[in-house]
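Descriptive structure summary
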Amino acid sequence: MIGIIDYGMGNLRSVENALCKLGREYIITSDKNVLDQCERLILPGVGAFGDCAENLKKAGLFDWIRESAQKGKPLLGICLGMQMLFEDSEEKGMHEGLCLLKGHVRFMEDTSVSIPEIGWNELVFAKKLPIDLSPRPYVYYVHSYYAQDVDPEDLVAYSEYGNMKITGIVKKGNIMGCQFHPEKSGRDGLKILQHFTEADL
């Protein structure tokens, strides 16, 4: 069973639809007792970092997610959910993240391109994952902030946007993150999501 964490501001339905296409059993909930019984967790996200952290804390999920991941439960962060995996974000002030991965979320300062980045971008792999993807996979981004100073050991894939190297996929043991929306990225996105739901992390 996959637990989709509901904290009031995630892209729940698109993730739900993707898991349905993959034939995966899932539940959408904010109940820690129910999430405890799930084999894997997905932390989706749309909106501002500070609001996300505050909502998770109000729901009693902030520390619980960190502790669950530290104990070895597979966790996938999507978009804002991935940003929450890092140490902090400068979005509308400084806010502490879950500190599960090294790195800081910063504004995309590049006047040569449009901010936010909205649309498809090529995913370039720094490390190979055992996934049958297209030779040049494109994925769908919607964001104005991205992770910097990421541990090279955790960086799996990135996309180039203007003069920036956008952290696309990170992975450290049982913890995985996608800055883009795999559930909205066609066949390749579904393959990446499938990898998280099936692989021995």
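Residues numbered from 1 in each chain as written. Predicted model: local features only at pLDDT ≥ 70, side-chain atom pairs only at ≥ 80, totals over all residues. Heavy atoms only, no water.

A separate point is the sheet that holds strand E11 (residues 145-148). Taken together, four strands build an open sheet; the order of strands is E6-E5-E7-E11 and the sheet is mixed. Only two strands of the sheet have a single neighbouring strand rather than two, namely strand E6 (95-96) and E11. Across two bridges, strand E5 (residues 88-89) lies against E6 in antiparallel orientation. Across the sheet, residue Asp-88 finds its bridge partner in E6, namely Glu-96. (Pairing = 2+ DSSP bridges. Helix = DSSP H or I, 4+ residues; strand = E, 2+ residues; numbered from the N terminus.)

On to the sheet that holds strand E12 (residues 155-161), then. Pairing is mixed across the open sheet formed by eight strands, whose spatial order is E2-E1-E3-E4-E14-E13-E12-E9. On the outer flanks of this sheet lie strand E2 (26-29) and strand E9 (124-125), each paired with one strand and no other. Relative to strand E4 (residues 75-78), strand E3 (residues 40-43) runs parallel, the two being bridged by three bridges. Across the sheet, residue Leu-41 finds its bridge partner in E4, namely Leu-75. Against the sheet, helix H4 (residues 62-70) engages strand E1 (2-5), E3, E4 and strand E14 (175-178), with an angle of about 140° to E3. (Contact = heavy atoms within 4.5 Å. Axes fitted to C-alpha atoms, helices over the stretch in contact; angles between N-to-C directions.)

Now for unusual backbone geometry. With an omega of 5°, the peptide bond between Ile-115 and Pro-116 qualifies as cis. With respect to the helices, strands and loops of the structure, Pro-116 is situated in the loop between strand E7 (104-107) and strand E8 (117-122). Backbone geometry places Cys-79, a non-glycine residue, at a positive phi of 55°. Look at Cys-99: it is not a glycine, yet its phi comes out positive at around 60°. If you trace the backbone, Cys-99 turns up in the loop between E6 and E7.

Next up on the list: helix H6 (residues 186-198). With 13 residues, H6 ought to run about 18 Å at 1.5 Å a step, and its terminal C-alpha atoms sit 18 Å apart, in line with that. Looking at H6, one finds that the buried residues are Asp-188, Gly-189, Ile-192, Leu-193, His-195, Phe-196 and Thr-197. (Expected span 1.5 Å × (residues − 1). Buried < 20%, exposed > 50% of the residue type's maximum accessible area, 1.4 Å probe, protein only.)

Considering the arrangement of structural elements, one finds Arg-40 in strand E3. Buried charge without a salt bridge: Arg-40, with Glu-39 as the nearest opposite-charge side chain at an N-O distance of 5.2 Å. Of the polar contacts made by the side chain of Arg-40, one reaches the backbone oxygen of Phe-196; its length is 2.5 Å. Side-chain polar atoms of Arg-40 contact the backbone oxygen of Ala-199, separated by 2.8 Å. Each residue touching Arg-40, except ones within four places of it in the same chain, is listed here: Met-1, Ile-2, Gly-3, Pro-74, Phe-196, Thr-197, Glu-198, Ala-199 and Leu-201. (Lys, Arg positive; Asp, Glu negative; His and termini not counted. Salt bridge = Lys/Arg side-chain N within 4 Å of Asp/Glu carboxyl O. Polar contact = N/O pair within 3.5 Å; in protein donor to acceptor, adjacent residues only side chain to side chain.)

Honestly, it's all geometry; don't read function into it.
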